[in-house]
Amino acid sequence: VRNCHESCHSFCHDSLHHTPPTVQRVVTHTDRRTSDGLRTAGHSPSVVAADPMGQADGMTDRRSQDAAINRDLWRAVNERYTDGQADQKWAAEDIAWGIFDIPEEQVDVLGDVAGLDVVELGCGTAYFSAWLARRGARPVAVDLTDAQLASARRCQEQYDLHFPLIEADATAVPLPDESFDLALSEYGASLWCDPDGWIGEAARLLRPGGRLVFLTN
């Protein structure tokens, strides 16, 4: 997890395939590792064996500490920035990715989401889930920070658009296996969580043939 020593000028949101997973990564102009704006690759889930040295317990402790740091940070960011920006984001008609607002119609990584069960990992104020709900998806928005979800609930009431909001770490989501067709994160879990944790969790949550789409720096 990236902690408060890193810049927080971006805001949170991510895609994966289950047999094998397909990972699609939206790349903004700030990422120079690719030039075509999109990279797609296949990956198989990791298999974790026994842990005789207790490394798993150490990893859990570290993730809990990082989660606490991130929660405190995003409460402050919400108070200063994201709560005030939530209305504008929720009101937007078109899907746009990242701080440069790259139009979804330009990168075309989501496709038709109508009828899909979607989990957003690190949803922030859940505007991305709102965009998908308006297009016929059934989103569930997950975030670690209570203040971010409070902003999301306020916007749900304001725009009369309701879907589940779950306060949880994206590396330990309290939802059943194989519940979703699409997992996504736009500067959410993809930026702030340990990849070994949140990508494995996305794989668990996705049905066979599901996709994980994410944007990060």
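Below is a summary of the structure that appears in this document. All values derive from a computational prediction rather than experimental measurement. (Residues numbered from 1 in each chain as written. Predicted model: local features only at pLDDT ≥ 70, side-chain atom pairs only at ≥ 80, totals over all residues. Heavy atoms only, no water.)

Regarding unusual backbone geometry
Consideration 1: Residue Ala-126 is not a glycine yet carries a positive backbone phi of 70°.
Consideration 2: You can see Ala-126 is positioned in the loop between β5 (117-121) and α3 (127-134).
Consideration 3: The backbone phi angle of Tyr-187 is positive, close to 60°, even though this residue is not glycine.
Consideration 4: Relative to the helices and strands, Tyr-187 resides in the loop between β8 (180-186) and α5 (189-192).
Consideration 5: A relative accessible area of 1% places Tyr-187 in the buried class. (Helix = DSSP H or I, 4+ residues; strand = E, 2+ residues; numbered from the N terminus. Buried < 20%, exposed > 50% of the residue type's maximum accessible area, 1.4 Å probe, protein only.)

As for the nonpolar core
Consideration 1: The biggest cluster of nonpolar side chains holds 36 residues, and the ones touching the most others in it are Trp-90, Trp-97, Leu-110, Ala-126, Phe-128, Leu-132 and Phe-163.
Consideration 2: For this core, the secondary structure elements donating two or more residues are α1 (55-91), α3, α4 (146-159), β8, α5 and β9 (206-215).
Consideration 3: By residue number, the principal contributor to this core is α3, which donates six residues.
Consideration 4: Listed in part, the 19 residues of the second largest apolar core include Leu-121, Val-142, Ala-168 and Trp-198. (Core = buried A, V, L, I, M, F, W, Y, C linked by side-chain atoms within 4.5 Å.)

Description of α4
Counting along an α-helix, one turn takes 3.6 residues, and residues three or four places apart therefore face a common direction.
Consideration 1: The end-to-end C-alpha distance of α4, which contains 14 residues, comes to 20 Å, matching closely the 20 Å that a straight helix rising 1.5 Å per residue would cover.
Consideration 2: All of the buried residues in α4 are Ala-147, Gln-148, Leu-149, Ser-151, Ala-152, Cys-155 and Gln-156.
Consideration 3: Just downstream of α4, Asp-160 is the residue with a positive phi angle, here 50°. (Expected span 1.5 Å × (residues − 1).)

Describing α3
Consideration 1: When you tally the buried positions in α3, you get seven out of eight residues, the bulk of the element.
Consideration 2: When α3 is considered as a whole, its buried residues turn out to be Tyr-127, Phe-128, Ser-129, Ala-130, Trp-131, Leu-132 and Ala-133.
Consideration 3: Backbone geometry just after α3 places Gly-136 at a positive phi near 95°.

A closer look at the packing of aromatic side chains
Describing an aromatic ring pair means giving the distance of the ring centres and the angle of the ring planes.
Consideration 1: Overall, the coordinates contain six aromatic pairs when judged by the stated rule.
Consideration 2: When the ring of Trp-90 is compared with that of Tyr-159, the centres are 6.0 Å apart and the planes differ by 25°; the resulting orientation is stacked. Of this pair, Trp-90 sits in helix α1 while Tyr-159 sits in helix α4, and the two are 69 residues apart along the sequence.
Consideration 3: Taking 5.9 Å as the distance between ring centres and 10° as the angle between the ring planes, the aromatic pair formed by Trp-90 and Phe-163 counts as stacked. (Phe/Tyr/Trp six-rings, centres within 6.5 Å; stacked < 30°, edge-to-face > 60°.)

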